[in-house]
Amino acid sequence: MTFAARHPTGLTHTIWPLHTKRRLIWISISWCVVAALEACAYTVLAQAITLQQDPVWVIISAGIAVLVMIFTTRAGFFCGVRLAGDLFETLGQVLARAKLSWFTDTRRAQLATLASQGIPGFMSVPAHQMQTFLHAPLLPLFLVCGIAWLSGPEVALITAGTLALSLLLQFKAQMALIESDKTRHEANIGTANATIEFVDHLELLRTTAGPARAITRIEQQWQTQENVLARTNRAAAKATLLSAIAKSLPLACISAYLTITAISSPIMTLALLILVARAAAPLGELVLAGLSINNLRAALNDYRTNTEIPTLSEPASAEACVPDGYHISLKNIRQMPVLKQINAEIEPGANVIISGPSGCGKSTLLELMMRFDDPQGGEITLGGVPLNQMRYAELTSKIAYVAQESVVFTGTLAENIRLGRAGASDSEIETVARQAMLGHLIDRSPKGLDQSVGHQGSALSGGERQRVAIARALLKKAPILILDEATAALDKETERHIAASLSALPATLIIVTHRDSSIWQPTQIIPLNEPASV
């Protein structure tokens, strides 16, 4: 269960780290040993029954088998946790450097399903899946050897034949189950996508369609998923019935054979039936294995999809360049279909307005300047260094950004602002909060900065959320401040006050606004009118 993925640096790497692969190998070997020891314990039991021996060796062999199984199961759980941690770490590293244009609604839903179900599901591989697919088929094989040793090859061959037939029936049942269940994962992704859409746009859906019609779109997806699950349940019921028949087949056949032939004594017959019954029992563990196979296969495919994504290349530490100053140069920037041959020079400390009608590429240009993506053509430099030749951490340390849609996380006011600079003191946070016109918010609660902002900022107005984002950017004290409609939710007086405060900062301001741009005291305007070159 290994495969290759694309590392953030662009190099191919194996999803399972070397130490995790070693653990998986050892867990696999351990389950094989458990199957062998358990078969030995049952064979010793059968021999003790046949020869009426003292049970001490039965107890010893059973105790050893149980202890090894406990050790293997416990080691499997630890290995599963480490495996999930490694997968989360790799996924996080890739997503942290992914091009933001890659994150469509469908991919967001796929990521949510992968993080909540797929990767946690891998934790069961060492402790449960390996037991199912290694211990379950190997135990009957080892027990057939015990039967051959105890009673000769004739009964062993018959047992092996009926077990093989039983296993074939199980295989047929599982293939049918896998086929019926193959669309369940796609239905789950569709439901997750519909749920995200519903939650994100609940206010709009309620106000335009009303409470009853607001759930129409998501109900359709729920119905689709219900139909898929019903089909899977019908297939699972058939697989369960066939599995029960297959599981009882070896014991029934051997019982009939021993009764008809009377080739063994009653005590030997009892011992053989115990071995055959135990050999057939693990086959029942395969009853719904097809569902597990589909879950793992879907999770693996999702993991491939979400780790083999377009990422922003980053130079090795020794090759990375450090910018000399904060001069920004845009040379022949092209990003179709909105930007064509954009050229501009932005001096340190400038107040720059990027103007133009909606859809002309203003936000796209800002995203390229922050390297959310690389331009299709041309080059952007900071301090004389192309953005793709400096470490991403170096670039982000130089830029503070306030988006049009302000993001506020569940927590306190101080926690949200402190995201701008970890380790900032409460006094520093209060200073920037009041600078962003949040003084009334601090003063209206006895908790001050420690007051809750509600779930994702639900206790704040739209204007207050924007001011939280502005305070967060101020706390960072970056030499370049980029504002994308950052004051659109503010009243004119508050906007004028914040604009004057930000314009006085010793930093480069790059602003997109559809309101009065004169309040920002611009020293430079970059028009994107057609779109065309500057």
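Structural data are supplied above this passage.
Below you will find a few notes about this structure. (Residues numbered from 1 in each chain as written. Predicted model: local features only at pLDDT ≥ 70, side-chain atom pairs only at ≥ 80, totals over all residues. Heavy atoms only, no water.)

Here we take up the pattern of salt bridges. As enumerated under the stated definition, the model contains 9 salt bridges in all. One salt bridge in this structure joins Arg515 and Glu495, with 3.4 Å as the shortest N-O distance. One end of the pair, Arg515, is in the loop between β10 (508-512) and β11 (524-527); the other, Glu495, is in helix α17 (residues 492-503), with 20 residues separating them in the sequence. For Arg515, a relative accessible area of 27% translates into the label partly exposed. Members of the salt-bridge network, linked through shared partners, are Glu430, Arg434 and Asp443. (Salt bridge = Lys/Arg side-chain N within 4 Å of Asp/Glu carboxyl O. Helix = DSSP H or I, 4+ residues; strand = E, 2+ residues; numbered from the N terminus. Buried < 20%, exposed > 50% of the residue type's maximum accessible area, 1.4 Å probe, protein only.)

As a further point, take the packing of helix α4 (residues 124-151) against helix α5 (residues 153-181). Close contact between α4 and α5 brings their axes to 7 Å; oriented N to C, the two are set at 160°. Considered as vectors, α4 and α5 are oriented roughly antiparallel to each other. Along this stretch, α4 crosses α5, giving a crossing that reads as right-handed. For the pair α4 and α5, contact is made by Pro140, Val144, Ile147, Ala148 and Ser151 and by Pro153, Val155, Ala156, Thr159, Ala160 and Leu163, respectively. (Axes fitted to C-alpha atoms, helices over the stretch in contact; angles between N-to-C directions. Parallel < 35°, antiparallel > 145°, perpendicular 65-115°, else oblique. Left-handed = near helix turned anticlockwise from the far one by under 90°. Contact = heavy atoms within 4.5 Å.)

What follows covers the sheet that holds strand β9 (residues 480-484). The strand order across the open sheet formed by 5 strands is β8-β9-β10-β5-β11, and the pairing between neighbours is parallel. Strand pairing shows two members of the sheet lacking a second neighbour, β8 (399-402) and β11, which therefore form its edges. Across the sheet, the axes of successive neighbouring strands diverge by a mean angle of 15°, strand direction being ignored. The pairing of β9 with β10 spans 5 bridges and is parallel. The residue bridging Ile482 from the neighbouring strand is Ile510, located in β10. Its contacts with the sheet place helix α16 (residues 462-476) against β8 and β9, and it is angled at close to 175° to β8. (Pairing = 2+ DSSP bridges.)

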